[in-house]
Structures are given as C-alpha cells and as structure tokens.
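Read off the chains here:
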Amino acid sequence: VSARKRLVQSLLCGMGVVIAVMMRKLGYLDLGRAGDMQQRRQRNLRLRSLVKQVIGSVREARSPQEVWSAVRPLADVLGVSRQELRFQQAHDGLVEGIVFETERAAGLSLPFERRLEVRDEDQVLGSLLLIWRDGRDAIDQDEELALELVADAIAERALKFLALADAEPGRVVALRR
C-alpha cells in the first residue's frame, strides 16, 4: 500500500511539473511580467474609481461648464496631451456649439487621437476628443471602455440640457426655490 501511494505521489508531482512548464511556455505563468501586471492592475483600479467619480459628477452637473469640470481629471490619469469636450446642437440648418479644451506639453511623438461621439441614438450631441503624444498607436481596451462609459454619461446630461433649452418659458415650472 505504501509503495502504491509513493508511486501515485510521484506521478502527480511529475504531472504538476509538466503542467507548470507548459503554462510557462504558453505565457500564462510568466514571473518576469508579474510586476508589470500588478502595476497595470493598480492603474486599472485607479481608472475605475475615477470613472465612477466622473460619471457621478457628470450626472449631477447643472451646466456644460460643470460637465467639463467633472471630465477634466481624465486628462491627468490617462496622460493625454490635449482633451476637448464639444457640445453641439443643430438648429435651422446651423450647428451651434460650446467647446471646452485643455492642452499640456507632453512629448514630441506623432499624435494619437481618439474621438468619441457624444450621441443619443441618431442625434449627435457633441464629442469627446483625446490626443496623446507619448508614442502610442492605440489605447487599451480598459481605457476605451472607460471613455465610452463617460461619453454615454455626457450624452445623458446633454439631452437634459437640450430639453431645458428647448422648453418654452411659459411651460417651465420651478420646483425649487
């Protein structure tokens, strides 16, 4: 019985070693990148926390200026060299709008630009433009998803601003003093 146990233990240990070697060869167990993965995880947690805060502030904003103030911190966390938020409205064949932007000195590399439309179904309400000059040629999926969530929150708020602007003054009832 004890010889059989030792044989089973030896086989299991051997299989464990083979599995560990294969996982390392396939890239699933790369101890050299563990530090990079930890840094990326920490960065994603900070980004997630900031996006929650930005979306909450955007939803509570009472003016386009307050929306801009809520969105501006994204530039620092994402490391963008230029950030622009544009609200627009088509009215009688004209497109009118408000543009907020910030720019900071950052690198001399070719710019990488990502523009997200702020829209409600088929109506374009504006855009969120981010430009990096740090040599990148793409943004990762986590940043892309975060920016799409922020753009959706801006669109919700922009719709409310448009509804207030389009309301006839005689039909607006003040609920607060």
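Rules and cut-offs
Residues numbered from 1 in each chain as written. Predicted model: local features only at pLDDT ≥ 70, side-chain atom pairs only at ≥ 80, totals over all residues. Heavy atoms only, no water. Helix = DSSP H or I, 4+ residues; strand = E, 2+ residues; numbered from the N terminus. Rg over C-alpha atoms; globule rule 2.2 N^0.38 Å. Buried < 20%, exposed > 50% of the residue type's maximum accessible area, 1.4 Å probe, protein only. Contact = heavy atoms within 4.5 Å. Lys, Arg positive; Asp, Glu negative; His and termini not counted. Charge placed at Lys NZ, Arg CZ, Asp CG, Glu CD. Pairing = 2+ DSSP bridges. Axes fitted to C-alpha atoms, helices over the stretch in contact; angles between N-to-C directions. Salt bridge = Lys/Arg side-chain N within 4 Å of Asp/Glu carboxyl O. Arc of directions from axis to C-beta. Core = buried A, V, L, I, M, F, W, Y, C linked by side-chain atoms within 4.5 Å.

Quick notes on the overall build of the protein chain
A count of helices and strands for the protein chain gives 5 helices and 4 strands. Element order for the protein chain, N to C, with α for helix and β for strand: α-α-α-α-β-β-β-β-α. Radius of gyration (C-alpha) of the protein chain: 25 Å, far over the 16 Å computed for a compact globule of 177 residues. Along the first, second and third principal axes, the C-alpha set of the protein chain runs to 95 × 45 × 30 Å. Considering the protein chain as a whole, with its 177 residues, one finds that 27% of them fall into the buried category. Contacts in the protein chain between residues at least 24 apart in sequence constitute 57% of all its contacts with a sequence separation of at least 6. Both charge centroids of the protein chain, one from 28 positive and one from 26 negative side chains, sit 12 Å from each other.

Some thoughts on the sheet that holds strand β2 (residues 94-103)
In spatial order, the strands read β2-β1-β4-β3; together these 4 strands make up an open sheet with antiparallel pairing. One side of each edge strand has no neighbouring strand; the edge strands of this open sheet are β2 and β3 (112-120). Averaged over all adjacent pairs, the angle separating strand axes in this sheet is 15°, with direction ignored. Sheet topology note: the β3/strand β4 (residues 123-132) ladder contains 9 bridges and is antiparallel. Within β4, the residue paired with Val 118 across the bridge is Gly 126. The sheet strands contacting helix α3 (residues 64-71) are β1 (82-91), β2 and β4, and the helix crosses β1 at an angle near 155°.

Considerations on the pattern of salt bridges
Opposite charge on two side chains permits them to pair, given that their charged atoms come into close proximity. One pass over the structure, following the stated rule, counts 14 salt bridges. The salt bridge involving Asp 140 is made with Arg 40; its shortest N-O contact spans 3.8 Å. Pair noted here: Asp 140 is in the loop between β4 and α5 (141-166) and Arg 40 is in helix α2 (residues 34-60), with a separation of 100 residues, a long-range link. Among the residues examined, Arg 40 registers a relative accessible area of 41% and is labelled partly exposed. Between Glu 103 and Arg 82 there is a salt bridge; the shortest N-O distance is 3.8 Å. Linking Glu 103 in strand β2 with Arg 82 in strand β1, this pair joins segments that are 21 residues apart in sequence. A single network of salt bridges, built from pairs that share partners, joins Arg 40, Arg 43, Asp 134, Arg 136, Asp 140, Asp 142 and Glu 143.

Let's talk about α3
Restricting attention to buried positions, one finds in α3 the residues Val 67, Trp 68, Ala 70 and Val 71. An end-on view of α3 places all buried positions within 160° of arc, on one side of the element.

Re the nonpolar core
Core analysis: the biggest nonpolar cluster contains 36 residues, and Val 67, Val 71, Val 150 and Ile 154 have the highest contact counts within it. For this core, the secondary structure elements donating two or more residues are α2, α3, α4 (73-78), β1, β3, β4 and α5. Sort the elements by how many residues they give to this core and α5 lands first, with 10 residues. Excluding residues within four positions of it along the chain, Val 67 makes contact with Val 58, Ala 61, Leu 85, Phe 87, Ile 154, Arg 157 and Phe 161.

Side note on the side chain of Ser 81
Locating Ser 81 in the fold gives a position in the loop between α4 and β1. According to the relative accessible area criterion, Ser 81 is buried, its value standing at 5%. With sequence-adjacent residues up to four places away left out, Ser 81 is seen in contact with Thr 102, Glu 103, Arg 104, Ala 106, Ile 131, Trp 132 and Arg 133.

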